[in-house]
Amino acid sequence: MSTPTLDLVQQILRDPQGLVERSDSDHGLARLAPTALLVALGGTALFGLTVGTYRGDLQLLYAAVKMPALFLLPMVVSLPAARALYRSCDVDVRWRRLAVAALVGLARSGVLAAALCPLLWLYYSLQPDYHTSILVFVGSVGLVGLPGLAALSRGLPRGDGSPRSWRFRARS
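Treat the numbers as computed from the prediction; the structure is a model and nothing was measured.

About the criteria used
- Residues numbered from 1 in each chain as written.
- Predicted model: local features only at pLDDT ≥ 70, side-chain atom pairs only at ≥ 80, totals over all residues.
- Heavy atoms only, no water.
- Helix = DSSP H or I, 4+ residues; strand = E, 2+ residues; numbered from the N terminus.
- Contact = heavy atoms within 4.5 Å.
- Core = buried A, V, L, I, M, F, W, Y, C linked by side-chain atoms within 4.5 Å.
- Buried < 20%, exposed > 50% of the residue type's maximum accessible area, 1.4 Å probe, protein only.
- Expected span 1.5 Å × (residues − 1).
- Bend = angle between axes of the 7 residues up to and from the residue.

Draft legend 1. Layout of the side chain of serine 109. Topologically, serine 109 is positioned in helix H5 (residues 95–125). When residues no more than four places from it in sequence are discounted, the contact partners of serine 109 are Phe71, Val144, Gly145 and Gly148.

Here you go:
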């Protein structure tokens, strides 16, 4: 049985760290993953569709397909590196914990991206010049991405207090 979507969105926005803690099990990940991925991909696809309105026509479809990849690909590429960094500092972190924290962070960014769509669409309806619209786009991605990154970082372990884990904390 998967988590109802609106309940999950509420938990992602109100208590992402608590959601990571509650879902850090085999069954928790199995319940969370499909719905969180659907929320993340749906929100970022809607964001892409909104960005595509700047050019119109086929760009609507292209942007709606590419935008989820823009949010998903860095997470998929960086998770093995993050686990390697934790292991080099003698901090034990399970793949499941990394996956749950990353999914919650990605879903939070997806929800915030979907929430920003009306404002971005209104801005694009004013027909700004290309360079200004690119700056607004980059600022929007940063605006929706930083809370997701914060949720991811709060969901990961901090270390055991040994000197190696303190050095890891100081570098991150």
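From this point, the narrative continues.
Draft legend 2. A look at the nonpolar core. Residues Leu32, Phe47 and Val51 are the most contacted members of the largest nonpolar core, which totals 37 residues. Elements with a minimum of two residues in this core: helix H1 (5–14), helix H2 (16–22), helix H3 (26–52), helix H4 (58–88), H5 and helix H6 (130–155). Per-element tally for this core: the top contributor is H5, with 14 residues. For phenylalanine 47, the contacting residues outside a window of four places in its chain are Met67, Phe71, Ala113, Leu116, Cys117, Leu120, Phe137, Ser140 and Val141.

Draft legend 3. Looking closely at H6. Compared with the 38 Å implied by 1.5 Å per residue over 26 residues, the 38 Å span of H6 between its first and last C-alpha is a close match. The largest bend in H6 amounts to roughly 25 degrees and is located at glycine 145, with the proline proline 147 lying one to four residues further along. Of the residues making up H6, those classed as buried are Ser133, Phe137, Ser140, Val144, Gly148, Ala151, Leu152 and Gly155. Tucked into the core, H6 has its buried residues touching H2, H3, H4 and H5.

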